[in-house]
Protein chains: 2
Amino acid sequence: MHKASAAPTSRGSGAGGGGPAARLAVSAAATDGVAMSNAAFFEWLDERRREQPQRVRRVPFSELKGWGFDQATGDLRHRSGRFFTVHGLRVRSDFGPVPEWEQPIIDQPEFGILGIAVREIDGVLHLLMQAKSEPGNVNGVQLSPTIQATKSNYSRVHGGSAVAYLDSFYRPAPGSVLADSLQSEQGTWFHRKRNRNMVVEVGPEVEAGEDFCWLTLGQVNALLGFDNLVNMDSRTVLACLPDWQPPADGGAPAVSLHGDAEVRSWLTQRRVEHEVTTTRLPLNDVAGWQRWDDRVEHERGLFFSVIGVDVSSGRREVPAWTQPLLLPSGVGLSGLLLRYVAGVPHVLLRARVEPGLIDVAELGPTVQLTPGNYAHLPAEDQPPFQRELLEGGAGKPLFDSVLSEEGGRFHHAECRYVITEVEDDVLETLETGDGPRACAAEFRWTSVTQLDELLRYGGQLNVQARTLVAALRSVR
Amino acid sequence: MHKASAAPTSRGSGAGGGGPAARLAVSAAATDGVAMSNAAFFEWLDERRREQPQRVRRVPFSELKGWGFDQATGDLRHRSGRFFTVHGLRVRSDFGPVPEWEQPIIDQPEFGILGIAVREIDGVLHLLMQAKSEPGNVNGVQLSPTIQATKSNYSRVHGGSAVAYLDSFYRPAPGSVLADSLQSEQGTWFHRKRNRNMVVEVGPEVEAGEDFCWLTLGQVNALLGFDNLVNMDSRTVLACLPDWQPPADGGAPAVSLHGDAEVRSWLTQRRVEHEVTTTRLPLNDVAGWQRWDDRVEHERGLFFSVIGVDVSSGRREVPAWTQPLLLPSGVGLSGLLLRYVAGVPHVLLRARVEPGLIDVAELGPTVQLTPGNYAHLPAEDQPPFQRELLEGGAGKPLFDSVLSEEGGRFHHAECRYVITEVEDDVLETLETGDGPRACAAEFRWTSVTQLDELLRYGGQLNVQARTLVAALRSVR
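Residues numbered from 1 in each chain as written. Chains lettered and ligands numbered in written order. Predicted model: local features only at pLDDT ≥ 70, side-chain atom pairs only at ≥ 80, totals over all residues. Heavy atoms only, no water.

S.K.: Even after reading the chapter, I still don't get the overall build of chain A, so can you show me in this structure?
M.R.: Summing up its helical and strand segments, chain A has 11 helices and 25 strands in all. Expected size for 476 residues packed as a compact globule is a radius of gyration near 23 Å; at 22 Å, chain A falls within 12% of this value. With the C-alpha coordinates aligned to their principal axes, the bounding extent of chain A is approximately 65 × 55 × 40 Å. A separation threshold of at least 6 residues defines the contact pool for chain A, and within that pool the share at least 24 residues apart is 73%. Counting 47 positive and 60 negative side-chain charges, chain A places the centres of these two groups 6 Å from one another. (Helix = DSSP H or I, 4+ residues; strand = E, 2+ residues; numbered from the N terminus. Rg over C-alpha atoms; globule rule 2.2 N^0.38 Å. Contact = heavy atoms within 4.5 Å. Lys, Arg positive; Asp, Glu negative; His and termini not counted. Charge placed at Lys NZ, Arg CZ, Asp CG, Glu CD.)

Pasting the structure below:
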């Protein structure tokens, strides 16, 4: 089912001929689909949801099979040493209102692959998307990349069941790679986790299996606007696509407010400016956190808990299993302010120090927080621009959806992603208005062309910013 | 002395008007100097050498003042906790002929600044270079960047003597930055050391102090060809300058053998392909290494030793001091093969896994080794392309000089840097010719345009490759 229509054109030819950006632009314009209509997609998705029933039940840690707390350290780990470990981290930092704290963190040192295969069908590039259930998803099935494989998965090629479509990604054919970089994930929940984000073009021999479908970029862009549909892994890979949109109307060369060298220098400055020291701790020794029979949680109920779940499903390689998940304490808020400067769109990025990043700081959204975690802090320590994001702008926000973070590690982790256009340089209000910690040097208006360059190498834009880049391109 | 000539033009105007690359091209063409002739430069350098006498004497560790071996671990450190520490490292890696080893390594976690100030004099960009002696230099004074400051140096601004010219770099003026990135240093000798490499344009108010001189880029390029004159810190900063040379003759757009996305994908692949695990060890526990009264050395005399020196000098902030240095076991060899593909110059890079790099692998030269350290290994484990580098090509190498590594940490660390042009794709000989470990996937012909892009972000090209990029641009 859902095979490509007859006689697909050869790679690079057809209506989408030209460079990757031009071909992606053709695909983005095909909002009604080519291989599959929008109506057919939703029918197919409903069918996939019925075919992938999943029951997820919270259980005490004692019911986790293969998982347990290390006797000496209290670290939560699998007896095989695989998957991931939850241990403690002590953080000392001169960034943000809290100079020192301890927390549990997920350690998963392997590189996984998040990859989307693209293929021309009737001359239009299509993305091979997957209907995939994850235990932490609020709604079971979401739209995932073609592959979403940990190294444990794809190293088993010689043993257990292979990951579908892996060959196209693991050693991609010359000339077939549209994007391939190591990108970070949540730096407050993961210790130095990065995944390989790839987009690879494949030929007509690659067909969609029953949990897969070929969608145009225009269709995927429209689906980004639905709550909890396009998953985090898809969004970060989409952000790594070359930008297919002209940066300014009318064909004039786009002029950025700050030169490219200056933007890079700003991030370098932020990295050397801050001292961040992280020390691994036994989970038993993490101050302020307590272990109960069914959760590890902060003494004030803030931030997140670590819980256990029992999952049963008729469809996965392993039909039933148990695992720990990280349960955030509330819905997050991440948002970008957008502003046109001489016709060129710019977004306001904030350099963010996060303890789990491998390189001190990355560029994040204008606003990124879980509001409940800041409720106990005084007004001057509240992250700025929340009001402008939620109440500013001439009309309603350009983008406003609740989207899920990775459901294989996080339980019901939702975040409201918002993009709001403003007319004035809100940054000018900052020096005197928001207290010493919200210093203007942490923010920079960055043109969308510069975002494209920053995404080519990993480690520059954090995962929340990448979701917002994908969202921005979907509405521009 | 050596002040700029009268009435310097304002920034960006004059004969060097245009973008940074065009202005640097004008400076590169001024090989006879503008502010200072070549003859005057060498006179000045001789004078500086006379004014900076330095006596360096090897001493037993017991004569080091403030430095000592930690009682519990045997780590060599300063009692203040400042400067650097020598501890042990266990390395497990699937790259190269030796899967596991232990070694001492230098740990210096702070970011320093290596910066060259540039300024227009008579319409031509000039670089502010410094005559600076370092205890490990074979010849005392070498040509250094404008500033070469550790964080300990520049944080002392409120206390001890300030670093000259620091203000221009620490918080550069908007629009003044030509380059600013965090770049790695020797990944086999340093544990995760990186320095901030900066080029900043300054105005006519900045003048050359007595140990400083203004040279054109053409002059500095010519000086690169002299043995042990332009120091390592200068070379890595020079490599970070935007490339000022057209990539191909005749103005046609340069076409690289592999697309930019493919080159980035190759490096990503090499990073995820290798598993490298490093574990910090007490220096006392490092297997195969022994501590004597005046050195820590490998049982076979290979690799390097750690020694102590007593330095006296009439010119530095501290007139006499003692410190440890790392003494390599022999002269190194680093080289690039160069090949024109359809008129476009390409160099053969090798992705190298080094234990001290923060991100597993960086791109290094075609050849990089200390030949003596490989003498005990069989033929199939010898790094390939040494013969092509030293005996290949139609005539003599394009570049062939012995240059010094950082004299503040390394004692008499010399490396022969060679660039040789070849006609054939030597890579084709590799799959069958050089044993399984010298796998062709580790190498890639990369165009000089692509080198320029790889240098904009730190962590892509290692320090030996950066010296060779500076050398290549000096002879193209």
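Having seen the structure, we can now continue with the description.
S.K.: Is there a simple way to explain the nonpolar core in this structure?
M.R.: Note that soluble globular proteins tend to have their nonpolar side chains buried in a common cluster. Core analysis: the biggest nonpolar cluster contains 116 residues, and A:L238 and B:L238 have the highest contact counts within it. When sequence neighbours within four positions are dropped, the list of residues in contact with B:L238 reads B:I116, B:L127, B:L217, B:V220, B:L224, B:V230, B:A470 and B:R473. (Core = buried A, V, L, I, M, F, W, Y, C linked by side-chain atoms within 4.5 Å. Buried < 20%, exposed > 50% of the residue type's maximum accessible area, 1.4 Å probe, protein only.)

S.K.: Even after reading the chapter, I still don't get the interface of chain B and chain A, so can you show me in this structure?
M.R.: By a widely used convention, the size of an interface equals the accessible area lost when the partners come together. Facing 32 residues of chain B, the contacting portion of chain A comprises 32 residues. Between chain B and chain A, the buried area comes to about 3000 Å², and carbon and sulfur atoms account for 47% of it. Considering only the side of chain B, the residues that lose the most area to chain A are B:R264, B:V272 and B:Y457, jointly responsible for 22% of the buried surface there. For the pair chain B and chain A, the number of links is 3 salt bridges. Across the pair B:R194 and A:D359 runs a salt bridge whose closest N-O atoms are separated by 2.5 Å. Our enumeration of links across chain B and chain A arrives at 14 residue pairs in polar contact (both at pLDDT 80 or more). Those elements giving two or more residues to the side of chain B that touches chain A turn out to be β10 (177–184), β12 (194–201), α7 (260–273) and α10 (448–456) of chain B. With 9 residues, the single largest contributor to the side of chain B that touches chain A is α7(B). Looking at the side of chain B that touches chain A residue by residue, the classes come out as 12 nonpolar, 6 polar and 14 charged. (Buried area = accessible area lost by both parts, 1.4 Å probe. Salt bridge = Lys/Arg side-chain N within 4 Å of Asp/Glu carboxyl O. Polar contact = N/O pair within 3.5 Å; in protein donor to acceptor, adjacent residues only side chain to side chain. Nonpolar A, V, L, I, M, F, W, Y, C, P; charged D, E, K, R; others polar.)

S.K.: Could you clarify how one ought to interpret the packing of helix α6 (residues 232–239) of chain A against helix α11 (residues 463–475) of chain A in this entry?
M.R.: The geometry of a pair of packed helices is captured by two quantities: the angle between their axes and the separation between those axes. Residues and elements named next belong to chain A. With their axes 8 Å apart at the nearest point, α6 and α11 run at an angle of 70 degrees to one another. By the angle class used here, α6 and α11 are roughly perpendicular. On α11, the residues touching M232, R235, T236, L238 and A239 of α6 are V463, R466, T467, V469, A470 and R473. A per-class count over the contact of α6 with α11 returns 6 nonpolar, 2 polar and 3 charged. (Axes fitted to C-alpha atoms, helices over the stretch in contact; angles between N-to-C directions. Parallel < 35°, antiparallel > 145°, perpendicular 65-115°, else oblique.)

S.K.: Looking at this model, I keep getting lost on the pattern of salt bridges. Mind explaining?
M.R.: Two side chains bearing opposite charge may form a pair once their charged atoms approach each other closely. Residues and elements named next belong to chain B. Under the criterion given, the structure shown has 61 salt bridges over all chains. Here R77 and D70 are joined by a salt bridge, their closest N and O atoms 2.6 Å apart. The partly exposed category is assigned to R77, whose relative accessible area is 33%. For the salt bridge of D294 with R295, the shortest nitrogen-to-oxygen distance reads 2.8 Å.

S.K.: Hey, could you run me through the layout of surface pockets in this one?
M.R.: The calculated volume of the largest pocket comes to roughly 1900 Å³. For the lining of the largest pocket, the secondary structure elements donating two or more residues are α7 (260–273) and β14 (276–281) of chain A together with β4 (85–93) and β14 (276–281) of chain B. Looking at the lining of the largest pocket element by element, the count peaks at 5 residues for β14(B). Partitioning the lining of the largest pocket into residue classes produces 17 nonpolar, 12 polar and 20 charged. (1 Å grid on protein atoms, 1.4 Å probe; cavity = no way out; pocket = protein on both sides within 12 Å on 5 of 7 lines; lining within 4 Å. Points joined across faces, edges and corners; volume = space filled by probe spheres on them.)

S.K.: Would you mind showing me how to read the relation of the copies chain B and chain A here?
M.R.: The two chain copies are related to each other by a rotation about an axis together with a translation along it. Take chain B, turn it by 180 degrees, move it 0.0 Å along the axis, and it overlays chain A with an RMSD of 0.0 Å. Within this description, the copies of the chain are treated as partners about a two-fold rotation axis. (Least-squares fit on C-alpha atoms with pLDDT ≥ 70 in both.)

S.K.: Sorry if this is basic, but what is going on with α6(A) here?
M.R.: Every α-helix carries 3.6 residues per turn, so stepping three or four residues along brings you back to the same face. α6(A) sits mainly inside the fold: 8 of its 8 residues count as buried. With a side-chain oxygen lying 3.2 Å from the backbone nitrogen of A:D233, the N-terminal cap of α6(A) falls on A:N231.

S.K.: Help me understand empty space enclosed by the protein, please; the structure alone is not making it clear to me.
M.R.: Any empty space left between the atoms is revealed when a probe the size of a water molecule rolls over them. Enumeration over the complete set of coordinates arrives at 8 cavities of 30 Å³ or more. The computed volume of the largest cavity comes to approximately 510 Å³. In this structure, the largest cavity is lined by 35 residues; those nearest its centre are A:G458, A:G459, A:Q460, B:G458 and B:Q460. No other element matches α7(A), which puts 5 residues into the lining of the largest cavity.

S.K.: What exactly am I supposed to notice about the packing of helix α10 (residues 448–456) of chain A against α11(A) here?
M.R.: All names here are of chain A. Between α10 and α11, the shortest axis-to-axis distance is 12 Å and the interhelical angle comes to 135 degrees. With respect to their mutual orientation, α10 and α11 come out oblique. Both α10 and α11 take part in a crossing whose hand is left-handed. Residue-level inspection shows V448, L451, D452 and L455 of α10 in contact with α11, the latter providing R466, V469, L472 and R473. For the contact of α10 with α11, a count of residues per class yields 5 nonpolar, no polar and 3 charged. (Left-handed = near helix turned anticlockwise from the far one by under 90°.)

S.K.: Would you mind going over helix α2 (residues 38–51) of chain A with me for this structure?
M.R.: All names here are of chain A. Look at α2: 20 Å from first C-alpha to last across 14 residues, which is about the 20 Å you get at 1.5 Å a residue. Looking only at α2, the buried set comprises F41, W44, L45 and R48. Each buried residue of α2 sits inside an arc of 105 degrees when the element is viewed along its axis, so together they form one side. Exposed residues on α2 whose side chains face more than 90 degrees from its buried face are A39, E43 and R50. (Expected span 1.5 Å × (residues − 1). Arc of directions from axis to C-beta.)

S.K.: Help me understand the side chain of A:Q269, please; the structure alone is not making it clear to me.
M.R.: Relative to the helices and strands, A:Q269 is located in helix α7. The exposure class assigned to A:Q269 is buried, which follows from its relative accessible area of 9%. Separated by 2.7 Å, the side chains of A:Q269 and A:E273 make a polar contact. Beyond its immediate sequence surroundings of up to four residues, A:Q269 is in contact with B:Y170, B:R171, B:P172 and B:R196.

S.K.: Please clarify how unusual backbone geometry should be interpreted in this entry.
M.R.: Leaving glycine out, the prevailing phi sign among residues is negative, and the prevailing peptide bond configuration is trans. Of note, the phi angle at A:R192 is positive, near 60 degrees, even though the residue is not glycine. Relative to the assigned elements, A:R192 resides in the loop between β11 (190–191) and β12 (194–201).

S.K.: How should the packing of aromatic side chains be read in this particular structure?
M.R.: Think of a pair of aromatic rings as described by two things: how far the centres are apart, and how the planes are tilted against each other in angle. Using the criterion set out here, one finds 25 aromatic pairs over all chains in the structure. Centre to centre, the rings of B:Y165 and B:F212 are 4.9 Å apart; their planes meet at 70 degrees, and the pair counts as edge-to-face. With B:Y165 in the loop between α3 (151–155) and α4 (166–170) and B:F212 in strand β13 (residues 212–216), this residue pair connects regions lying 47 residues apart in the sequence. Taking the relative accessible area as the measure of exposure, B:F212 reaches 9% and is therefore buried. Sitting over the face of the ring of A:F69, A:R291 holds its NZ or CZ atom 3.8 Å from the ring centroid. Between the NZ or CZ atom of B:R264 and the centre of the ring of A:Y457, over which it lies, the distance is 5.8 Å. (Phe/Tyr/Trp six-rings, centres within 6.5 Å; stacked < 30°, edge-to-face > 60°. Lys NZ or Arg CZ within 6 Å of the ring centre and 35° of its normal.)

S.K.: Just checking my understanding: could you explain the pairing of strand β16 (residues 295–298) of chain B for this structure?
M.R.: Residues and elements named next belong to chain B. Of the two faces of β16, the one lined by V296 and H298 is fully buried and the one lined by R295 and E297 carries no buried residue. Pairing of strand β15 (residues 289–291) with β16, which is carried by 3 bridges, proceeds in the antiparallel orientation. Paired with Q290 across the strands is E297, a residue of β16. Two successive antiparallel strands, β15 and β16, enclose a turn made up of 3 residues. Bridge count between β16 and strand β17 (residues 304–313): 3 bridges; the pairing is antiparallel. Following the sheet pairing, R295 is matched in β17 by I307. (Pairing = 2+ DSSP bridges.)

S.K.: What exactly am I supposed to notice about the pairing of strand β19 (residues 332–341) of chain A here?
M.R.: Moving residue by residue along a regular strand, the side chains alternate between the two faces of the sheet. All names here are of chain A. The element β19 is extensively covered by neighbouring structure, given that 9 of its 10 residues are classed as buried. Where β19 meets strand β24 (residues 414–421), 7 bridges bridge the pair, whose relative direction is parallel. Looking at β24, one finds that G332 is bridged to C415. Between β19 and strand β20 (residues 344–353), which pair antiparallel one after the other, the connecting turn spans 2 residues, and A342 there sits at a positive phi close to 50 degrees.

S.K.: Looking at this model, I keep getting lost on the confidence of the model for chain A. Mind explaining?
M.R.: Close inspection of predicted coordinates is inappropriate in any region flagged by low pLDDT. Residue and element names in this part refer to chain A. Looking at chain A as a whole, its pLDDT mean stands at 90, while 90% of the residues score no less than 70. Here residues 1–17 is modelled with pLDDT under 50, and outside its nearest four sequence neighbours on either side it reaches 42 contacts, counting other chains as well. Within the model, pLDDT remains below 50 along residues 432–437, and this stretch shows 8 contacts once partners closer than five positions in the same chain are excluded. Predicted as a complex, the structure gets a pTM of 0.92 and an ipTM equal to 0.90. (pLDDT = per-residue confidence, 0-100.)

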